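For reference, the chains in residue letters:
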Amino acid sequence: MEIQSMHFQQRAGQKLADQRLQQNLKKLSTKFVSGRASGILELDDFEGTRDAAIERRMRAIENLDVWLDTFEQEATRRGATVLYAESAEDASRLVVEIAKKHGVKKATKSKSMVSEEMSLNHALEAAGIQPIETDLGEYILQINGNEAPSHIIAPVVHKDKEEIAELFARVHHRPLLTDIPAMTREAREVLRPQFLSAEMGITGGNFIIAETGSVAIVTNEGNEGMCTLLPPKVHVVVTGIEKVLPTLEDLATVMRLLPRSATGQSISNYVSLLTGPKGEGEQDGPEHMYFVLVDGGRSGLVGTEFQDMLRCIRCGACMNHCPVYQKIGGHSYGWVYPGPMGSVLTPSYAGIENALDLPQASTLCGECHVVCPVKIPLPDLLRKLREKQFEGELRPRTEYFSYAVWAFMARRPALYSLATRIGVRVMRLMGGRKKSISSLPFAGGWTDTREMAAPSGKTFRELYKQRTHDRKRE
Ligand code: SF4
């Protein structure tokens, strides 16, 4: 998928003004935030499980080559073929080659963010192969002109029921439906013949297990089973090299966290553990199984200050809780991964110069770090990316000038104090009786889409002075 994060600010502005989107994004706090809060309460030792998961993920990442090697040996021993792709484009080429080798004309797909990195649907279509998305959310996006997902686990969180009903009526040429079960039934009716006629099933892989050469796939719809167990004679798994886990016990540990952090469920509706193609005398399963393991910038993070990012289990909790994502949605970020994790991953995978705004797309409130099941220090990583941008002279000239002015003032406490006192008074005057500012010269970003509260009460310096004084008197 082409990176568009250069225009982040412009897109974010449009999304903020989109009232329908603002309404739809409220689902994040009602559904996901409260779901996670009750989901983690069920675990008797949430913190202990988090620490165990971190240890297990890091054991894999710190010896990535060893565990990938073990995985390859075990998967091959069980009849699968393991292929490595250095870039997302290479990975697409490999999948197209596999499809051509087996004479595939139609491929069903279950949800895979790595396939979004690869722009796999475009590559398949260009080669004359019809991709059919079978995850309900991804299917909706595909029939809406191959729209990009806006969330890693809820790809259509930006849409409402009415919008989807109109889309179904238009594309399926059927009467307008009004309730969700009927819409789901209609999608199932449309997709069923596709499952039965596809020659290839493509899935992502939440994790790959080194000791057994298996892939673990987690869904709530069961479509991954339809993609891999119904007629398709070929199953292709596309996933990132960092998804390897040494053992099944490691999988059990991270699975205690993934659904709870994502949707609040104690376990997802379907957890498939698939190992090798169908054996002799077996009824179900593909005749051929391939793994396409994508690097796409991941190995470049191993051993660096950004290595922690590789232990991400793609639960989406960081974006669900992010005050920025909650207001602008996923499309503003301009590439596959939105929210705080995307603001670290996009510059890390695609080059910091290709994602200039993303490290700034955060208030650094720290909530993403608090909720991340594997405690990735996202605010620290964003800060490090900002430092790299600054040192690389990639920020606008005005920013360097502003910091220079601030540094000049900060070294002169009396001047700094005078300037802040004047600034606070001016802002109080601007706030007037309603105590809120509707427009700030040279800082429109604070007021363009909301009223900014005027300063009230004492300033930090006044409070600090008073409390120090009070303490001395005690
Ligand atoms: S960074 Fe953490 S919270 Fe965000 S998707 Fe990854 S594991 Fe989940």
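Computed from a predicted structure; not experimentally measured.

Student: Could you clarify how one ought to interpret the packing of helix α3 (residues 27-41) against helix α13 (residues 248-262) in this entry?
Tutor: The packing of two helices is summarised by the inter-axis angle and the distance between the axes. The N-to-C vectors of α3 and α13 enclose an angle of 145 degrees; their axes lie 7 Å apart at closest approach. Counted together, Phe32, Arg36, Gly39 and Ile40 of α3 and Arg260, Ser261 and Ala262 of α13 form the full contact between these two elements. For the contact of α3 with α13, the residue count by class is three nonpolar, two polar and two charged.

Student: Just to check I follow, could you spell out the site of the ligand for this structure?
Tutor: Near the ligand there are 13 residues, and of these Cys312, Cys315, Gly316, Cys318 and Cys372 occur at the shortest range. For the shell around the ligand, the class distribution of residues is eleven nonpolar, one polar and one charged.

Student: Explain the nonpolar core to me, please; I cannot follow it from the model alone.
Tutor: Buried together is how nonpolar side chains tend to be arranged in soluble globular proteins. If you look at the biggest cluster of nonpolar residues, it comprises 86 residues, and the most contacted ones within it are Val95, Val236, Met309 and Met341. When residues of this core are assigned to their parent elements, the largest contribution, seven residues, is made by helix α6 (residues 88-101). In contact with Val95, not counting residues within four places along its chain, are Met118, Leu120, Leu124, Met200, Ile202, Val236, Val238 and Val292. Judged by nonpolar contacts, the second largest core, of 19 residues, contains Leu64, Leu68, Val82 and Ile208.

Student: Help me understand unusual backbone geometry, please; the structure alone is not making it clear to me.
Tutor: Only a minority of non-glycine residues have a phi that is not negative, and only a minority of peptide bonds are not trans. Despite not being glycine, Asn146 has its phi angle at roughly 55 degrees, a positive value. Looking at the element boundaries, Asn146 is found in the loop between α9 (136-143) and α10 (161-172). Its identity as a non-glycine residue notwithstanding, Lys375 has a phi of 45 degrees, on the positive side. With respect to the helices and strands, Lys375 occurs in the loop between α17 (367-371) and α18 (378-391). The exposure class assigned to Lys375 is partly exposed, which follows from its relative accessible area of 25%.

Student: What's the story with the pattern of salt bridges in this structure? I'm lost.
Tutor: Once their charged atoms are close, side chains differing in charge can pair, the charge on each being opposite to the other. Throughout the structure, instances matching the rule amount to 25 salt bridges. Salt-bridge contacts for Arg50 lead to Glu47; the nearest nitrogen and oxygen are separated by 3.0 Å. In this pair, Arg50 and Glu47 both sit in helix α4 (residues 46-62), three residues apart, roughly one turn of the helix. Judged by its relative accessible area of 5%, Arg50 falls in the buried class. Among the residues examined, Glu47 registers a relative accessible area of 40% and is labelled partly exposed. Among the salt bridges present, the one from Lys159 reaches Glu163, with a minimum N-O distance of 3.3 Å. With relative accessibility at 5%, the residue Lys159 sits in the buried group. A single salt-bridge network, built from bridges that share partners, covers Glu47, Arg50, Asp51 and Lys375.

Student: Is there a simple way to explain a positive patch on the surface in this structure?
Tutor: Taken together, the side chains of Arg421, Arg425, Arg428, Arg461 and Lys465 make up a positively charged region of the molecular surface. For the positive patch, the elements supplying multiple residues, two or more each, are α20 (413-431) and α21 (460-473). It is α20 that provides the largest number of residues to the positive patch, a total of three residues. Residue position: Arg428 is located in helix α20.

Student: Would you mind going over the sheet that holds strand β4 (residues 200-203) with me for this structure?
Tutor: Sheet architecture is open: six strands sit in the order β1-β10-β7-β4-β2-β3, paired in parallel fashion. Each having just a single partner strand, β1 (81-85) and β3 (130-133) make up the two edges of the open sheet. For this sheet, the mean inter-axis angle between neighbouring strands, taken without regard to orientation, is 20 degrees. Pairing of β4 with strand β7 (residues 234-240) involves four bridges; the strand directions are parallel. Each bridged residue has a counterpart across the sheet, and for Thr203 the counterpart in β7 is Val237. Helix-sheet contacts for helix α11 (residues 180-197) involve β2 (106-109) and β3, and the interaxial angle to β2 is about 120 degrees.

Student: Can you help me understand the pairing of strand β10 (residues 288-294) in this one?
Tutor: Remark: a regular strand shows side chains that alternate across the two faces of the sheet. The buried fraction of β10 is high, at six of seven residues. Strand direction decides the pairing type here: β1 and β10, joined by five bridges, are parallel. Paired with Thr81 across the two strands is Tyr290, which belongs to β10. Across seven bridges, β7 lies against β10 in parallel orientation. Residue pairing in the sheet places Val238 in a bridge with Val292 of β10.

Student: Explain the side chain of Ser214 to me, please; I cannot follow it from the model alone.
Tutor: With respect to the helices and strands, the residue Ser214 is situated in strand β6 (residues 214-219). There is a polar contact of 2.6 Å between the side chain of Ser214 and the side chain of Thr212.

Student: Looking at this structure, I do not really get the sheet that holds strand β5 (residues 207-209). What am I missing?
Tutor: Adjacent strands of a sheet pair through backbone hydrogen bonds, lying either parallel or antiparallel. Ordered by their spatial adjacency, four strands build an open sheet running β8-β5-β6-β9, and the pairing between neighbours is mixed. Across the chains shown, the open sheet's two edge strands, defined by having one partner strand only, are β8 (244-245) and β9 (270-274). The pairing of β6 with β9 spans five bridges and is classified as antiparallel. Residue pairing in the sheet places Ile217 in a bridge with Ser272 of β9.

Rules behind the numbers
Residues numbered from 1 in each chain as written. Predicted model: local features only at pLDDT ≥ 70, side-chain atom pairs only at ≥ 80, totals over all residues. Heavy atoms only, no water. Axes fitted to C-alpha atoms, helices over the stretch in contact; angles between N-to-C directions. Helix = DSSP H or I, 4+ residues; strand = E, 2+ residues; numbered from the N terminus. Contact = heavy atoms within 4.5 Å. Nonpolar A, V, L, I, M, F, W, Y, C, P; charged D, E, K, R; others polar. Near = heavy atom within 4 Å. Core = buried A, V, L, I, M, F, W, Y, C linked by side-chain atoms within 4.5 Å. Buried < 20%, exposed > 50% of the residue type's maximum accessible area, 1.4 Å probe, protein only. Salt bridge = Lys/Arg side-chain N within 4 Å of Asp/Glu carboxyl O. Patch = residues over 30% accessible without salt bridge, like charges linked within 9 Å, V, L, I, M, F, W, Y side chains within 5 Å. Areas by Shrake-Rupley, 256 points an atom, 1.4 Å probe, with all protein chains shown as cover. Lys, Arg positive; Asp, Glu negative; His and termini not counted. Charge placed at Lys NZ, Arg CZ, Asp CG, Glu CD. Pairing = 2+ DSSP bridges. Polar contact = N/O pair within 3.5 Å; in protein donor to acceptor, adjacent residues only side chain to side chain.

Keep in mind that these numbers describe shape and distance, not what the molecule does.
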